[in-house]
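# Residue-level structure breakdown
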Amino acid sequence: MEWYFVNTGFKTGKFNMELDEELAKNYQGIPILRVFGWRPYCISLGYNQNPEDIDSVYCSEQGIDIVKRPTGGRAILHAEELTYSVVLDSNGKGIHEIYKEISMALLRGLRLLGANVEFAKTQPDFGNLYKTKSSIPCFTSSARYEIEYGGKKLVGSAQRRYDDIVLQHGSILIGHFHKRLPDFLSKKLDTRIKELIKKDIESKTITLNDIMSSEVQFEEVSHFLRLGFEEEYNIKFKEISIEDLCQLNKSLKKLLQEQ
């Protein structure tokens, strides 16, 4: 089975999220794995999250973008990470089945990299969790099939369906800048809540640079992630550029021109 692999490099939050959504809405029949980063650093909010959770003025002063994701979940500060997205036809498979399959590929790739990671063993009650102010950041809790090391979260993912087409994307933490998310939360938020969030992020997340014996680079993670998907799905990627994608999907041309 043929898949496309595309590394779109470091782009704005607006470009990254609009591209993911366009790829899903205009699916061309061949699954895509995309890897990318964020320049400038960016806070993405879940589809239904209140933008007032974030101090937009301070973000602007510090050169931090803010964008809405097409998927659910909570706020993520995208900085020193590799972000992946997968677009494919569900072929009748349920949300959890697809989530597990993709997570297995992520797990395999990270283990090939040398990180002895594992799946989260528990799942919180997200319905009640999201009612609390301390749930503003996404990386303070792990869902089933999310990837951890030593009980701490390394990968956070979210999924959305467009009829039968699946968009799943997520962050693989490489460095520590994500821990600064509480600095960018609304000034209206109680200081005690911010301190609790800061402690939660510190105690519940881990990065590849924590796990590995040497500093990990974006391209290195990309390489092993690609291998993990090839082995898990028994596929061979065809590597294409963003320009190639635009030839396949005319609606992407405008996005690229705006960069």
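On a predicted model such as this, the values are computed, not experimentally measured, just so you know.

Reading the values: rules and limits
Residues numbered from 1 in each chain as written. Predicted model: local features only at pLDDT ≥ 70, side-chain atom pairs only at ≥ 80, totals over all residues. Heavy atoms only, no water. 1 Å grid on protein atoms, 1.4 Å probe; cavity = no way out; pocket = protein on both sides within 12 Å on 5 of 7 lines; lining within 4 Å. Points joined across faces, edges and corners; volume = space filled by probe spheres on them. Nonpolar A, V, L, I, M, F, W, Y, C, P; charged D, E, K, R; others polar. Helix = DSSP H or I, 4+ residues; strand = E, 2+ residues; numbered from the N terminus. Buried < 20%, exposed > 50% of the residue type's maximum accessible area, 1.4 Å probe, protein only. Phe/Tyr/Trp six-rings, centres within 6.5 Å; stacked < 30°, edge-to-face > 60°. Lys NZ or Arg CZ within 6 Å of the ring centre and 35° of its normal. Salt bridge = Lys/Arg side-chain N within 4 Å of Asp/Glu carboxyl O. Pairing = 2+ DSSP bridges. Axes fitted to C-alpha atoms, helices over the stretch in contact; angles between N-to-C directions.

### Examining empty space enclosed by the protein
In total, this model carries two cavities of 30 Å³ or more according to the counting rule given. Within this model, the largest cavity holds a volume of roughly 70 Å³. Lining the largest cavity, in full, are Tyr 4, Leu 23, Asn 26, Tyr 27, Gln 28, Ile 30, Ile 32, Leu 245, Leu 248, Asn 249 and Leu 252. Looking at the lining of the largest cavity residue by residue, the classes come out as eight nonpolar, three polar and no charged.

### What about unusual backbone geometry?
Only a minority of non-glycine residues have a phi that is not negative, and only a minority of peptide bonds are not trans. Pro 40 follows Arg 39 through a cis peptide bond whose omega is 0 degrees. Within the secondary structure layout, Pro 40 lies in the loop between strand 2 (32-38) and strand 3 (42-45). Unlike most non-glycine residues, Asn 91 shows phi in positive territory, near 50 degrees. Checked against the element boundaries, Asn 91 lands in the loop between strand 6 (81-89) and helix 3 (95-113). Non-glycine residue Asp 163 carries a positive phi angle of around 55 degrees. On the basis of relative accessible area, Asp 163 is assigned to the exposed category, the value being 75%.

### Some details on the packing of aromatic side chains
Evaluated as defined, the whole model comprises ten aromatic pairs. The interplanar angle of 45 degrees and the centroid separation of 4.8 Å between the aromatic rings of Trp 3 and Tyr 233 together place this pair among those described as tilted. Linking Trp 3 in strand 1 (residues 2-11) with Tyr 233 in helix 7 (residues 218-233), this pair joins segments that are 230 residues apart in sequence. Centre to centre, the rings of Trp 3 and Phe 237 are 6.0 Å apart; their planes meet at 85 degrees, and the pair counts as edge-to-face. Taken together, the residues span a long stretch of sequence, with Trp 3 in strand 1 and Phe 237 in strand 12 (residues 236-239) at a distance of 234 residues. In this pair, the class of Trp 3 matches that of Phe 237, namely buried. Among the aromatic residues, ring-to-ring pairing joins Trp 3, Phe 5, Phe 229, Tyr 233 and Phe 237 into one connected group. Here the basic side chain of Arg 226 rests over the ring of Phe 5, its NZ or CZ set 5.0 Å away from the ring centre.

### Some details on the layout of surface pockets
If you roll a probe as big as a water molecule over the atoms, it shows you where there is empty space left. There is about 200 Å³ of room inside the second largest pocket. Lining the second largest pocket are 14 residues, and of these Glu 80, Glu 81, Ile 174, Val 216 and Phe 218 sit closest to its centre. For the lining of the second largest pocket, a count of residues per class yields seven nonpolar, three polar and four charged.

### Describing the pattern of salt bridges
In total, this model carries 15 salt bridges according to the counting rule given. A salt bridge links Lys 25 to Glu 21, with the nearest nitrogen and oxygen atoms 3.5 Å apart. Pair noted here: Lys 25 and Glu 21 are both in helix 1 (residues 13-25), with a separation of four residues, about one helical turn. On the basis of relative accessibility, which here comes to 52%, the residue Lys 25 falls in the exposed class. Of the residues examined, Glu 21 reaches a relative accessible area of 22% and is grouped as partly exposed. Between Lys 153 and Glu 146 there is a salt bridge whose closest N-O contact spans 3.0 Å. Across this residue pair, the class does not change: Lys 153 and Glu 146 are buried. Each of the salt bridges in this network shares a partner with another, and the network as a whole consists of Glu 21, Lys 25 and Arg 160.

### So, the environment of Gly 151
Assignment of secondary structure puts Gly 151 in the loop between strand 8 (147-149) and strand 9 (152-153). Along the chain, Gly 151 and Ile 206 lie 55 residues apart, while their C-alpha atoms are 9.1 Å from each other.

### Here we look at the sheet that holds strand 3
Taken together, the three strands give an open sheet; going across it, the order is 4-3-5, and neighbouring strands pair in mixed fashion. At either margin of the open sheet sits one strand with a lone partner, and together these are strand 4 (65-68) and strand 5 (76-78). Sheet twist, expressed as the average angle between the axes of neighbouring strands with direction ignored, equals 30 degrees. Two elements, strand 3 and strand 4, share four bridges in a ladder whose sense is parallel. For Ser 44, the partnering residue across the bridge sits in strand 4 and is Val 67.

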